[in-house]
Amino acid sequence: MKLQLEAGGALTVRWWRPGELRIGKDVWREPVLLSPEEVRPWPLKDDEPVTLDHLAPLIEEQPDVIILGTGEVQRFPDHDIGGKLLVRGIGLEVMDTGAACRTYNVLASEGRAVAAALRVR
């Protein structure tokens, strides 16, 4: 899936396909944590369930919303994660990685305080 949206200096996902993401000029083959200013590896194993601790680096940034891309298929984390984030004023949206990339790009292009945790598989 090719995505071409560039937001005034914000990092955006250029394309995604199972196993690979292109963010800016770099290709990633492992899960990543993404914000408009930074992309970094996300130490998460392929089948490991997402916990609040896994999202801690993004929570520290205090985005309005975290987009969780769960790979080719939408897989929801424990429902208490969303509640714990809402108490901190952070929304959580869970979707397959393709939809997560598109949603992240649109929100970043609007200048929203958004972050994404993206599985590549």
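Look up: the structure comes first, before these words.
Since the structure is predicted, the reported quantities are computational estimates derived from the model, not experimental observations.

**A word on the pairing of strand β1 (residues 13-17)**
So, point 1. Counting buried positions along β1 yields four of five residues, so the element is predominantly enclosed.
So, point 2. Sheet topology note: the β1/strand β2 (residues 20-23) ladder contains four bridges and is antiparallel. Its bridge partner lying in β2, R17 is registered against E20.
So, point 3. Taken together, β1 and the strand that follows it, β2, pair antiparallel across an intervening segment of two residues, in which G19 is found at a positive phi of about 100°.

**Some remarks on unusual backbone geometry**
Peptide bonds are trans in most cases, and residues, glycine excluded, mostly fall at negative phi.
So, point 1. One non-glycine residue, Q62, lies in positive phi territory at about 55°.
So, point 2. Inspection of the secondary structure assignment puts Q62 in the loop between α1 (52-60) and β6 (65-69).

**Considerations on the sheet that holds strand β3 (residues 26-28)**
Sheet strands line up and pair through hydrogen bonds in the backbone, either parallel or antiparallel.
So, point 1. With antiparallel pairing, three strands are arranged side by side in an open sheet as β1-β2-β3. Strands at the two margins of the open sheet, each flanked by one partner only, are β1 and β3. Mean inter-strand twist for the sheet, computed between neighbouring axes without regard to direction, equals 15°.
So, point 2. Sheet analysis places β2 next to β3, joined by three bridges and oriented antiparallel.

**Overview of the pattern of salt bridges**
A pair can form between side chains of opposite charge whenever their charged atoms are brought close.
So, point 1. A complete count under the given rule lists six salt bridges for this structure.
So, point 2. Residues E20 and R17 are paired through a salt bridge, measuring 2.5 Å at the closest nitrogen-oxygen approach.
So, point 3. Between R121 and D46 there is a salt bridge, with the nearest N and O atoms lying 3.8 Å from each other. Of this pair, R121 sits in the segment after β8 (114-118) while D46 is found in the loop between β5 (39-41) and α1, placing the two residues 75 residues apart along the sequence.
So, point 4. With a relative accessible area of 47%, R121 lands in the partly exposed category.
So, point 5. Assessed through its relative accessible area of 43%, D46 is described here as partly exposed.
So, point 6. Beyond isolated ion pairs, a larger network of salt bridges with shared partners links R17, E20 and R29.

**Quick look at helix α2 (residues 80-87)**
So, point 1. Residues of α2 that are buried include every one of I81, G82 and L85, and no others. Burial along α2 is one-sided: seen end-on, the buried residues are contained in an arc of 100°. For α2, exposure combined with an orientation more than 90 degrees from the buried face picks out L86 and V87.
So, point 2. As for α2, its buried residues are in contact with α1, β6 and β7 (91-95).
So, point 3. Looking one or two residues beyond α2, the residue adopting positive phi is G89, at roughly 85°.

Rules and cut-offs
Residues numbered from 1 in each chain as written. Predicted model: local features only at pLDDT ≥ 70, side-chain atom pairs only at ≥ 80, totals over all residues. Heavy atoms only, no water. Buried < 20%, exposed > 50% of the residue type's maximum accessible area, 1.4 Å probe, protein only. Helix = DSSP H or I, 4+ residues; strand = E, 2+ residues; numbered from the N terminus. Pairing = 2+ DSSP bridges. Axes fitted to C-alpha atoms, helices over the stretch in contact; angles between N-to-C directions. Salt bridge = Lys/Arg side-chain N within 4 Å of Asp/Glu carboxyl O. Arc of directions from axis to C-beta. Contact = heavy atoms within 4.5 Å.

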